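Here is what each chain is made of, one letter per residue.
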Amino acid sequence: MLVMMKAHATTAEIERVCRRIEELGYRAHPIPGINRTAIGITGNRGPVDATALDTLPGVAECLPVSKPYKLVSRELREDPTIVDLGDGVRIGGAELGIIAGPCAVESHEQAFVIARAVRAAGARLFRGGAYKPRTSPYSFQGLGEEGLKILAEVRAEFGLKIVTEAVDHESLELVERYSDVIQIGARNMQNFSLLKQVGRSCRPVLLKRGISATLDELLMAAEYILAEGNYNVILCERGVRTFADHTRNTLDLSVVPAVHSLSHLPIIVDPSHGTGRREKVLPLSRAAVAVGADGLIIEVHHKPDEALSDGNQSILPAHLEQLMMEIRQIAAVLGRRVAGGSGEHEI
Ligand code: PEP
Ligand code: MN
């Protein structure tokens, strides 16, 4: 159930409703909106008795939730969630967040060469895995904490926000310390204990869609994170497995408007893993922004043939510049802008 407060409900009234919800043995999640605050209730096993709440001062109405997820739902919050990373970098609403960088951090030199190009192209968020979930145990597994330290140096040198993946509880503790956004990868989308742990983190989370996950499963995975109190979740479409074999995965762009109609959370698109082919990254990036994505995550490498992972899908720095230029123009047509402004001029 959702408790919708009146437009002019006071903070004291909102707090009183939350207290009452907690007295009933549930957890209250007050979510302020542009016009009014909605309070989500979790922890109930059956229906919540509305009569205990709808007569309290400031309450407009109590609404049953029609979906299995509550906190991620548009019913709870009409306006879009905008994840604010500081320094003018926001993802959601009118702002697109472009995340770019190598699949994996390989060395200090590699990360710095790519980060310089990412910053010059105007992206404000840098990606790079220090912990890599690889299909083969014999493939490069990432530099671990040494990689995280390189990422922290990238942040200090270029002012880029760091997005990097946690693969388990142990790596999450370290990733939380060094990153600005914690990535939960496709293979961990339904690792419920990891989702709960990241839900207790103060860092925003980038949650990638599982390789064969439905939209409901993706939203329920996000619900795990919000239910623990972390409301800063960015969803990511990264392609799903189908019978098609001309691409590594099938990038399901139709999920973007579907997410927007069901949820207030932002959703970005990963055309690198979504296609697995360098030459398809630019066209699919254009399409993703045109369909309403709240951003992109792009793999970039200055020597893709020597990359320790995902070289085939990594674009060159010069191509990132072209991509950013085109994305800005498409975004402008839609009344949106790329978070962080226009690049070189700001350095
Ligand atoms: C990645 O972003 O490098 C990654 C491993 O992605 P995914 O979890 O979508 O496969
Ligand atoms: Mn990769």
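Residues numbered from 1 in each chain as written. Chains lettered and ligands numbered in written order. Predicted model: local features only at pLDDT ≥ 70, side-chain atom pairs only at ≥ 80, totals over all residues. Heavy atoms only, no water.

A. Region of interest: the overall build of the chain. For the chain, the helix and strand inventory stands at 10 helices and 15 strands. Rg of the C-alpha trace for the chain: 21 Å, near the compact-globule value of 20 Å for 347 residues, within the 12% margin. Expressed along its principal axes, the backbone C-alpha trace of the chain runs to roughly 65 × 45 × 45 Å. Put simply, the chain has 347 residues, and 55% of those count as buried. In the chain, the proportion of contacts linking residues at least 24 apart, taken out of those at least 6 apart, comes to 68%. As presented, the chain carries roughly 14500 Å² of accessible surface, and 51% of it is formed by carbon and sulfur atoms. (Helix = DSSP H or I, 4+ residues; strand = E, 2+ residues; numbered from the N terminus. Rg over C-alpha atoms; globule rule 2.2 N^0.38 Å. Buried < 20%, exposed > 50% of the residue type's maximum accessible area, 1.4 Å probe, protein only. Contact = heavy atoms within 4.5 Å. Areas by Shrake-Rupley, 256 points an atom, 1.4 Å probe, with all protein chains shown as cover.)

B. Region of the structure containing the site of ligand 1. Ligand 1 sits among Cys103, Arg127, Lys132, Glu165, Gln183, Gly185, Ala186, Arg187, Lys208, Arg238, His273 and Glu299. In the model, an oxygen atom of ligand 1 is placed 2.9 Å from a nitrogen or oxygen of the Arg187 side chain. Contacts to ligand 1 include Arg238, whose side-chain N or O atom sits 2.6 Å from an oxygen atom. In the complex, 97% of the free accessible area of ligand 1, which totals 300 Å², lies under the protein chains. (Near = heavy atom within 4 Å. Polar contact = N/O pair within 3.5 Å; in protein donor to acceptor, adjacent residues only side chain to side chain.)

C. View of the sheet that holds strand β3 (residues 37-42). Within the open sheet, the four strands sit side by side as β2-β3-β1-β4. Their pairing is antiparallel. Each end of this open sheet is capped by a strand with a single partner; those strands are β2 (27-32) and β4 (59-63). When the angles between neighbouring strand axes are averaged without regard to direction, this sheet yields 20°. Inspection of the sheet shows β2 paired to β3 by six bridges, in the antiparallel sense. Opposite His29, over in β3, you have Gly40 as the bridge partner. Its contacts with the sheet place helix α1 (residues 11-23) against β1 (2-5), β2, β3 and β4, and it is angled at close to 155° to β2. (Pairing = 2+ DSSP bridges. Axes fitted to C-alpha atoms, helices over the stretch in contact; angles between N-to-C directions.)

D. Seen up close, the coordination of the manganese ion (ligand 2). For the manganese ion (ligand 2), the full set of protein donor atoms is Cys103 (SG), His273 (NE2), Glu299 (OE) and Asp310 (OD), at a range of 2.0 to 2.4 Å. One chain supplies every donor for the manganese ion (ligand 2), spaced along it as C-x169-H-x25-E-x10-D. Within this pair, whereas Glu299 is found in strand β14 (residues 295-299), its partner Asp310 is found in the loop between β14 and α10 (317-333), the two being separated by 11 residues in sequence. Summarising the burial analysis for this pair, Glu299 and Asp310 share the class buried. (Donors = N, O, S within 2.8 Å, 3.2 Å for Na, K, Ca; no water.)

E. Looking closely at the pairing of β3. Among the six residues that make up β3, six are buried, leaving the element largely enclosed by the rest of the structure. Of the two faces of β3, the one holding Thr37, Ile39 and Ile41 and the one holding Ala38, Gly40 and Thr42 are both buried throughout. Where β1 meets β3, three bridges bridge the pair, whose relative direction is antiparallel. Looking at β3, one finds that Leu2 is bridged to Gly40. Linking two consecutive strands that pair antiparallel, namely β2 and β3, is a turn of four residues.

F. Local environment of the packing of helix α2 (residues 108-121) against α10. Contact pair α2 / α10: the axes reach a minimum separation of 9 Å and the direction vectors enclose 25°. The angle between α2 and α10 falls in the class roughly parallel. As α2 runs across α10, the sense of the crossing is right-handed. Across from Ala117, Val118 and Ala121 in α2, the residues of α10 making contact are Pro317, Leu320, Glu321, Met324 and Arg328. Of the residues in the contact of α2 with α10, the class split is six nonpolar, no polar and two charged. (Parallel < 35°, antiparallel > 145°, perpendicular 65-115°, else oblique. Left-handed = near helix turned anticlockwise from the far one by under 90°. Nonpolar A, V, L, I, M, F, W, Y, C, P; charged D, E, K, R; others polar.)

G. Representation of helix α6 (residues 215-227). A rise of 1.5 Å per residue sets the reference length of α6, with its 13 residues, at 18 Å; its end C-alpha atoms lie 18 Å apart and thus fit the reference within 8%. Burial in α6 covers these residues: Leu215, Leu218, Leu219, Ala221, Ala222, Glu223, Ile225 and Leu226. The elements touched by buried residues of α6 are β2, α5 (192-199), β11 (205-208), β12 (233-237) and α7 (255-262). Taken from the residues just after α6, Gly229 is the one with a positive phi, measuring 110°. (Expected span 1.5 Å × (residues − 1).)

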